[in-house]
Amino acid sequence: MLNGIDDEEKWLAEGIAGIQHNAFYMHQALDSNNLREALKYSAQMLSELRTSKLSPHKYYELYMRAFDELRKLEMFFKEDSKHGVSVIDLYELVQHAGNILPRLYLLCTVGSVYIKSKEAPAKEVLKDLVEMCRGVQHPIRGLFLRSYLAQISRDKLPDIGSEYEGDADTVMDAVEFVLQNFTEMNKLWVQMQHQGPGRFREKQEKERSELRDLVGKNLHVLSQIEGVDLGIYKETVLTRVLEQVVNCKDDLAQYYLMDCIIQVFPDEYHLQTLETLLGACPQLQVIEAQVDMPAVGAITLYVSLLTFTLCVHPDRLDYVDQVLGACVKKLYNIPKLEDSRAMKQVVALLSAPLEKYNDIVTALTLSNYPRVMDHLDNGTNKVMAMVIIQSIMKNNTFISTAHKVEVLFELIKGLIKDKDGADVDELDEEDFKDEQNSVARLIHMLYNDEPEEMLKIICIVRKHTMAGGPKRLPFTVPSLVFSALRLVWRLQGQEGDIVGEEVPATPKKIFQLLTQIIEALSAVPSPELALRLYLQCAEAANGCDLELVAYEFFTQAFVLYEEEIADSKAQVTAIHLIIGTLQRMNVFGVENRDTMTHKTTGYSARLLKKPDQCRAVYACSHLFWVDDQDGIKDGERVLLCLKRALRIANAAQQMANVARGSSGPVILFVEILNKYLYFFEKGNQQITGAAIQDLIELINTEMQSDSATPDTASDAFLASTLRYIQFQKQKGGVMGEKFEAIKF
């Protein structure tokens, strides 16, 4: 048994074979000038077009075979000297063909010759043909028959300057013929959606889409008629076409035909008729009156109207908002759309202004934009929110006022917080991360040069993001914090005090806000991220010379470290962040700095693993030697840290020896040696050449002991360090003399 595709290929092949067979005998009849035989075989040939087994695509192939043969037949009909029958008699004769479909194809073919002979007014023949074609109501067969009629008549319309224009034939007759053919074709096209079982709807829509150009071709013909001026377009063409668009109640037809109107008729016509379309247009009020009109059909029409508006009047945002408002009115009784096709059209409606203006700021001025978006379900609402964010990022658009930020966050609220009844745990993890990362990137696109307005923007973003729940805050809070810190860096030096809500933006006011924001994050809990942000804020406070504020941020970081961070790896990372940040702080007085450094060195020495302890303790040495003009330089405490690190490294070796029977690598000693060299080079008088020499000897002894574990990394590191010492000796000068004290 052949499958569906093979069956169709077989039916097509049989049809083509039938056309070729009958065309062969038709040609013989034409060559012998035998009219009756020619009509007989041409009718049999055209009977192949009666098939209902082919898809539109395959039927088109069959139709084109027949079309080519009909052109040859038409040439024969023109030469009445060959067949001896007048065109009037011939027009009557072909109407006696047995089956209606071949009869009408032959009638159209002879009708073309009849009009060209001018033995009857063109309008009479055209009217007769367009009426007679109503005899075929099968959608596909009828569409191709009328397409043939449109094809053979397009150069025979009574247009201005045409040879067929006369007293009895006017441009209006040509317009009427094309409009009537268009109307009948559109009805046949729309009728296709009701053919066959509903489960094949997707297949039907695809087939209908393949045939749409047959219908749209009529509008193209109308646009090419020279006599169709603005008056005829406005009073007749547009009115009749819109009547079809509205009354067909079919979303595919409405969208396509509105698009055709926009594309084929000149822009100056659109400019003169836009008020009619969007204001007093009776067709639009028909939409509003039809309560039972499916939502998808109405929305599709609004998509077309909006596309139309954006095309001809992009500067009139009131027109754009009017179309959106009409859509909101139509959807008033539908709180949430459930039809997936309708939602797809709403997304198209909302996307159109973004694509036209490449600027979300313009869309934010449309009062009805968020009202349309409210009708989307949760999933589609998120899709549209992502489209909006992607538009902002793609076009590098900065949102610069608090009002527009408020409107924007209302539009994308589906990403920012859970809708009522939604379960955040049911979300796809990857999709959720993509959405929240997009929101985080968006926050960096909210900017105003005026500090007061920027602070308002930050407060609005805080209001929305804080309602996002524990899963969202780790994504959105960092962006919000850095946005606020960027404002702090612009305001450095403006200390100020907070006395009320309307006080201008000051660093202190922003830091208070930041404290509240990060507290919300630490309560999620997300302590490691909160600690990082506290340290960033402390460093910013340092730049503003706010000692007490910086001290408070460090205090909060220490509290998190002590109470919330239990994982040993996370503790190691956190302590090095604390050390690095504290080393860069220059705002602290002696007492506060001592408190901080004491805490930090204490935490370092209490890490779980000895190697981690060692590295954290020798890193603390930098807290007592800051290499700038006014930086602290406490050589003794540097040396104490390094000696403590050595003791810990030695303890690590002993523990390794007890546990594994070998002392383990000497990498920690080499790392400490490099710290000794760093401070020696920086001029720390407590670090002597002799001390460095002793450390080198200790390392060599450890490496040569029987319990030493071979380690190529340690060997290479030590060799590189010794080469550096040698290099400094060879440089000469003051530094060279200094390094000469190190013997090895």
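Quick notes on the rules
Residues numbered from 1 in each chain as written. Predicted model: local features only at pLDDT ≥ 70, side-chain atom pairs only at ≥ 80, totals over all residues. Heavy atoms only, no water. UniProt positions renumbered as here; feature names shortened; annotations may be inferred. pLDDT = per-residue confidence, 0-100. Contact = heavy atoms within 4.5 Å. Core = buried A, V, L, I, M, F, W, Y, C linked by side-chain atoms within 4.5 Å. Buried < 20%, exposed > 50% of the residue type's maximum accessible area, 1.4 Å probe, protein only. Helix = DSSP H or I, 4+ residues; strand = E, 2+ residues; numbered from the N terminus. Arc of directions from axis to C-beta. Domains from an automatic or database assignment. Buried area = accessible area lost by both parts, 1.4 Å probe. Salt bridge = Lys/Arg side-chain N within 4 Å of Asp/Glu carboxyl O. Polar contact = N/O pair within 3.5 Å; in protein donor to acceptor, adjacent residues only side chain to side chain. Nonpolar A, V, L, I, M, F, W, Y, C, P; charged D, E, K, R; others polar. Axes fitted to C-alpha atoms, helices over the stretch in contact; angles between N-to-C directions. Parallel < 35°, antiparallel > 145°, perpendicular 65-115°, else oblique. Left-handed = near helix turned anticlockwise from the far one by under 90°.

- For the protein, the name recorded in an unreviewed UniProt entry is Vacuolar protein sorting-associated protein 35, with Durio zibethinus as its organism.
- Regarding the protein, the UniProt comment filed under Function (unreviewed entry) reads as follows: "Plays a role in vesicular protein sorting."
- Database annotation for the protein, UniProt heading Sequence similarities (unreviewed entry): "Belongs to the VPS35 family."

Some thoughts on the confidence of the model for the protein
Okay, step 1: Summarising the model, the protein shows a mean pLDDT of 87, and 92% of its residues fall at 70 or more.
Okay, step 2: Across residues 496-501 the pLDDT falls below 50, and counting only partners more than four positions away or on other chains, this stretch makes nine contacts in the model.

Side note on the nonpolar core
Okay, step 1: If you look at the biggest cluster of nonpolar residues, it comprises 253 residues, and the most contacted ones within it are Tyr-105, Ile-261, Tyr-369, Ile-388, Leu-408, Phe-511 and Phe-554.
Okay, step 2: Top contributing element to this core by residue count: helix α15 (residues 295-312), with twelve residues.
Okay, step 3: Residues contacting Phe-554, with those up to four places away along its chain left out, are Leu-535, Ala-538, Ile-578, Thr-581, Leu-582, Met-585, Phe-588 and Met-596.

Things to note about helix α7 (residues 122-132)
Okay, step 1: Buried residues of α7: Ala-122, Val-125, Leu-126, Leu-129 and Val-130, and no others. Across the axial projection of α7, the buried residues extend over an arc of 125 degrees, all falling on one side.
Okay, step 2: Looking at the buried side of α7, the elements it contacts are α5 (87-93), α6 (100-117), α8 (139-153) and α9 (171-191).

Regarding unusual backbone geometry
Negative phi values dominate among residues other than glycine, just as trans dominates among peptide bonds.
Okay, step 1: In this structure, Asn-33 takes a positive phi of about 55 degrees despite not being glycine.
Okay, step 2: Along the chain, the position of Asn-33 falls in the loop between α1 (4-31) and α2 (35-46).
Okay, step 3: By relative accessible area, which is 33% here, Asn-33 ends up partly exposed.
Okay, step 4: Look at Asp-545: it is not a glycine, yet its phi comes out positive at around 60 degrees.

Thoughts on the domain arrangement of the protein
Okay, step 1: Here the protein is described as being made up of domain 1 (1-117), domain 2 (121-291), domain 3 (292-376), domain 4 (398-418 + 427-495 + 503-525), domain 5 (528-606) and domain 6 (649-743).
Okay, step 2: Taken over C-alpha atoms, the centre of domain 3 sits 29 Å from the centre of domain 4.
Okay, step 3: At the interface, seven residues of domain 3 touch seven residues of domain 4.
Okay, step 4: Each partner contributes to the roughly 690 Å² buried at the junction of domain 3 and domain 4, and carbon and sulfur atoms together form 81% of this total.
Okay, step 5: If you sort the residues of domain 3 by the area they bury against domain 4, Val-361, Leu-364 and Met-373 come out on top, with a joint share of 64%.
Okay, step 6: On the surface where domain 3 and domain 4 come into contact, there are one salt bridge.
Okay, step 7: When the shortest N-O distance is used, the salt bridge between Lys-413 and Asp-374 registers 3.7 Å.
Okay, step 8: Inspection of the region where domain 3 meets domain 4 yields zero residue pairs in polar contact (both at pLDDT 80 or more).
Okay, step 9: Elements represented by at least two residues in the side of domain 3 that touches domain 4 include exactly α18 (360-364) and α19 (369-373).
Okay, step 10: Looking at the side of domain 3 that touches domain 4, its residues break down into six nonpolar, no polar and one charged.

So, the side chain of Thr-236
Okay, step 1: Along the polypeptide, Thr-236 turns up in helix α11 (residues 230-247).
Okay, step 2: Other than its neighbours up to four places away in sequence, Thr-236 contacts Met-172, Val-175, Leu-179 and Gly-231.

Quick word on the packing of helix α17 (residues 340-357) against helix α20 (residues 378-394)
Okay, step 1: It is at 11 Å that the axes of α17 and α20 come closest, and there the two elements cross at 15 degrees. With respect to α20, the axis of α17 lies roughly parallel. Once α17 is placed against α20, the crossing between them reads as right-handed. When α17 is examined against α20, the residues Met-343, Val-347, Leu-350, Ser-351 and Leu-354 are found in contact with a partner set consisting of Thr-380, Met-384, Val-387, Ile-388 and Ser-391.
Okay, step 2: Split into classes, the residues belonging to the contact of α17 with α20 amount to seven nonpolar, three polar and no charged.

A word on the packing of α20 against helix α23 (residues 429-443)
Okay, step 1: It is at 10 Å that the axes of α20 and α23 come closest, and there the two elements cross at 40 degrees. With respect to α23, the element α20 is oriented oblique. Handedness of the crossing formed by α20 with α23: left-handed. For the pair formed by α20 and α23, the contact residues are Lys-382, Met-386, Ile-389, Ile-392 and Met-393 on the first element and Asp-434, Glu-435, Ser-438, Val-439, Arg-441 and Leu-442 on the second.
Okay, step 2: Split by residue class, the contact of α20 with α23 holds six nonpolar, one polar and four charged.

Topic: the pattern of salt bridges
Okay, step 1: All told, the structure shown has 19 salt bridges when counted by the stated rule.
Okay, step 2: In this structure, Arg-240 and Glu-176 form a salt bridge, with 3.1 Å as the shortest nitrogen-oxygen distance. A residue pair is termed long-range when its members are at least 10 positions apart, and Arg-240 in helix α11 and Glu-176 in helix α9 qualify at 64 residues.
Okay, step 3: A relative accessible area of 26% places Arg-240 in the partly exposed class.
Okay, step 4: Its relative accessible area of 35% is what places Glu-176 among the partly exposed residues.
Okay, step 5: Among the salt bridges present, the one from Lys-471 reaches Glu-429, with a minimum N-O distance of 3.6 Å. Of the two residues, Lys-471 sits in the loop between α24 (451-465) and α25 (473-490) while Glu-429 sits in helix α23, which places them 42 residues apart along the sequence.
Okay, step 6: Linked through salt bridges whose partners overlap, the residues forming this network are Glu-9, Lys-58 and Glu-61.

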